[in-house]
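Per-entry structural report
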Amino acid sequence: MATMAEQSEKNVVFGLDIGTRSVVGSVGYMEDEIFNVIAQCVEKHETRAMLDGQIHDIGKVGATIRKVKENLEQQTQIHLTDVCIAAAGRVLRTMKTNFEEEYTDNRELTEEEIYNLESKAVEKAYQEFLAQNQSDMKFYLVGYSVMHYYLDDYQIANLEGHNAGRVAIDLIATFLPDDCVDGLYKACERADLKVANMTLEPIAAMMVAIPPQYRMLNLALVDVGAGTSDICITDDGTITSYGMLPIAGDSITEIIAQHCLVDFNTADQIKIDASHMDQVKYVDIMGLEKTISAKEIAKMIKPLVEKMSKMVTQQIKQLNGNKPVSAVFVVGGGGCVPGYTKALAKEMKIPEERVALRGEEVMKNIRFLNEDETIEHDSLMVTPLGICVSFYEQSNNFVFVSFNGQQTKIYDNGKLAIVDAAMQADFPNEDLFPKRGEELRFTVNGQERMVRGEPGEAAVITLNGAPADIHTKIHANDIIEVTSSTVGKAGKSELSDIPEFKGTINITVDGKNIDVPRTAEVNGVPQTGFYDIKSGDDIKVLDYETAAQIAQLLDIDLTEFTVITVNNEVANGDTPVYENFKVEFKSGTDAIMDYYANFPDADEVAIEQENEESSYDADADLDLEENEDGSLSFSGGTTTQATVERTAAPTRRVITHDLHVIVNNEPIVLHGKSDYIFVDIFDVIDFDLSKPNGRSIVTTLNGGTPDYMQAIHEGDKIEVYWK
């Protein structure tokens, strides 16, 4: 026997469509955008080892795969080692997302930057999927399709080479549960095959049935297999959504088996024969040979076909924004049953000619080099060939890497990076990037303020022992170690950092013009600029200083005897002092002395007392007469006459008296004045104004408040004391 050539030497692709009823294998190569098929093989499962697209018996499915592999090796004389496969969407999940990023510089966008954009969008889709996933199953990201790119809010076909600005991407990501993926891989391993690429069945069928130039139209592709009906929607040049229904050809086979009383495999053959024969012969389980017409079979399965059509139509409308598509392409063996396409058109309410089986007519880019007449080039071959073609369009596969000591399986899209491994290993996304410390939030004069925390250290990443970052490319069996990023310091600010706090207030203190810093209250309590603001603080920056704050600032010692005046009014330490106000601080003695500086002293009241002039009474000693002109003359003698002129000098008489009053319940006598005022009592009482014994003097006169120049009278009751 001649030695087989190695697959890698021949550069061929081996594709397997591992279906519920059969396994279809194809080997070929791409040349000038034409896929050349050099060998094909179809092998049915001997038992129902698969149900609804899910492997139930790995060993038996693996044995069927081995038969297909060995048959193809015999045909091609090539040792097949790597295989491309497709997963059915029995529990397919999808997530659409939009991601936007803005670049501050004007550089040209590169392929690497576009990939980074896609990776961030995929990561966002994965996180959104995890948030919505309510099941206990672990899902893997198995692929994604870019729906649209945007540059500065305008849709664009390709971002590469354009100047960076605000870029965005619409993307649809697909997820499958772990057991679905693992079953396919393990079955291939049983046949000594390594999975080189993996895609989804509707994507594979799309590669052949709906070429890119048709995807501008709003179309639906329905791949009706044995266990599932996989659906794919196109519009505006891209794949917009995927769907799946767990009802397909096997459900019809079960109806035939019950009606004809045959085993499942016989019923399946009856279904196939009825698609191209008028009469079908079979042997039931009783050993009786029977014949049934295709029309009778069509009538028998009609209710189920209509049910399937209705379910598929509902799913298509749901995926297409609750509206029908323009046309439907049907592929797969399950779609070949009589009446299916007509029922689908009726439910979709579109013309029958717009729902059609797709087979050889869509295989324009497929060239069959083999001459195997047992294999028809019909709708059953669309998905198997699409699996091969998808290898060239998107190289996808699962690979294993070690992430922080844990073996992690990742869907390989040919551009895997450390961030993809972290995402698949459920490593917290926030632990990859520097984490800012807690924000400091507070209010200033009623307005909310926020001080960001400081960024921490980025995650420390190594790949196979060498330093790396989240965008470093990875391959199978790489060893990745990631130390979580750290949290930065919390936001911090002092009161003096607030802009409103930085101004000053100009005032006059004891005759000097000075600028004093502003102050603030925090939660109603005065604080200095050195106060560390706390989260939730309510800060009010004041437009005044209190007298006590000014004294503290100027190192003025306030005692109980200090007298404060603001704008010449007596004040206290809590009195506000605004811009351009005048404030004075005086000791008790100075204040009192200044107060009484202009009061008249009692000793300064002049007492002018004139002695009464003595007048000699001439009338008593002399005999005088008053003449007509007012002069006096002696009346007794004639020889001599004395004339005296009377001159009158003005005389002022001041009369003083003592005044008796009661001061502080003690009798007091004031002397030497004709009139007394209130201030005169300080000349006689023991009250030393130079030695204050309080902040102010309290005075009362007969229970009222006197003026210091007010007159006092006999018996008045007076009180004078310090307070």
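As shown above, the structure is provided for reference.
Quick summary incoming for the structure in this document. (Residues numbered from 1 in each chain as written. Predicted model: local features only at pLDDT ≥ 70, side-chain atom pairs only at ≥ 80, totals over all residues. Heavy atoms only, no water.)

Another aspect to go through is the pattern of salt bridges. Inspection of the entire model under this criterion finds 16 salt bridges. Notably, a salt bridge pairs Arg452 with Glu439, separated by 3.8 Å at the nearest N-O pair. Taken together, the residues Arg452 in the loop between β25 (447–451) and β26 (460–463) and Glu439 in the loop between α11 (418–424) and β24 (440–444) connect sequence positions 13 residues apart. Salt bridges sharing partners connect three or more residues here, namely Arg21, Lys44, Asp268 and Lys271. (Salt bridge = Lys/Arg side-chain N within 4 Å of Asp/Glu carboxyl O. Helix = DSSP H or I, 4+ residues; strand = E, 2+ residues; numbered from the N terminus.)

Another aspect to go through is the sheet that holds strand β20 (residues 355–357). Taking strand neighbours across the sheet as the criterion, the five strands line up as β16-β15-β14-β19-β20 in an open arrangement whose pairing is mixed. Pairing within the sheet leaves two strands with one partner each, and these edge strands are β16 (238–245) and β20. The average angle at which neighbouring strand axes cross in this sheet is 20°, direction not considered. Pairing geometry for strand β15 (residues 229–235) and β16, over seven bridges, is antiparallel. Within β16, the position partnered with Ile231 by the bridge is Gly243. In this fold helix α8 (residues 294–319) packs onto β14 (219–224), β15, β16 and β19 (327–331), with an angle of close to 145° to the strand it touches most, β16. (Pairing = 2+ DSSP bridges. Axes fitted to C-alpha atoms, helices over the stretch in contact; angles between N-to-C directions. Contact = heavy atoms within 4.5 Å.)

Residues Glu31, Asp32, Glu33 and Glu393 make up a contiguous surface patch of negative charge. Among the secondary structure elements, Glu31 is positioned in strand β3 (residues 22–31). (Patch = residues over 30% accessible without salt bridge, like charges linked within 9 Å, V, L, I, M, F, W, Y side chains within 5 Å. Areas by Shrake-Rupley, 256 points an atom, 1.4 Å probe, with all protein chains shown as cover. Lys, Arg positive; Asp, Glu negative; His and termini not counted. Charge placed at Lys NZ, Arg CZ, Asp CG, Glu CD.)

With that settled, the discussion passes to the pairing of strand β28 (residues 479–483). The alternating pattern of β28 places Ile480 and Val482 on a buried face and Ile479, Glu481 and Thr483 on a face that is not buried. One ladder, built from four bridges, connects β26 with β28; its direction is antiparallel. Following the sheet pairing, Val460 is matched in β28 by Thr483. (Buried < 20%, exposed > 50% of the residue type's maximum accessible area, 1.4 Å probe, protein only.)

Its identity is not glycine, yet Glu33 carries a phi of approximately 65°, on the positive side. With respect to the secondary-structure elements, Glu33 resides in the loop between β3 and β4 (34–44). Residue classification places Glu33 among the exposed positions, given a relative accessible area of 69%. Notably, Asn445 is not glycine yet its phi reads approximately 50°, a positive angle. By the secondary structure assignment, Asn445 is in the loop between β24 and β25. The class of Asn445 is partly exposed, set by a relative accessible area of 43%.

The next thing to look at is the packing of helix α5 (residues 201–209) against helix α10 (residues 382–393). Orientation of α5 relative to α10, taken along the N-to-C sense of each, is 90°, at an axis distance of 7 Å. When the interaxial angle is binned, α5 and α10 end up roughly perpendicular. Contacts from Glu201, Ala204, Ala205, Met207, Val208 and Ala209 in α5 reach Val382, Thr383, Leu385, Gly386, Ile387, Val389, Ser390 and Glu393 in α10. Classifying every residue of the contact of α5 with α10 by side-chain character gives nine nonpolar, three polar and two charged. (Parallel < 35°, antiparallel > 145°, perpendicular 65-115°, else oblique. Nonpolar A, V, L, I, M, F, W, Y, C, P; charged D, E, K, R; others polar.)

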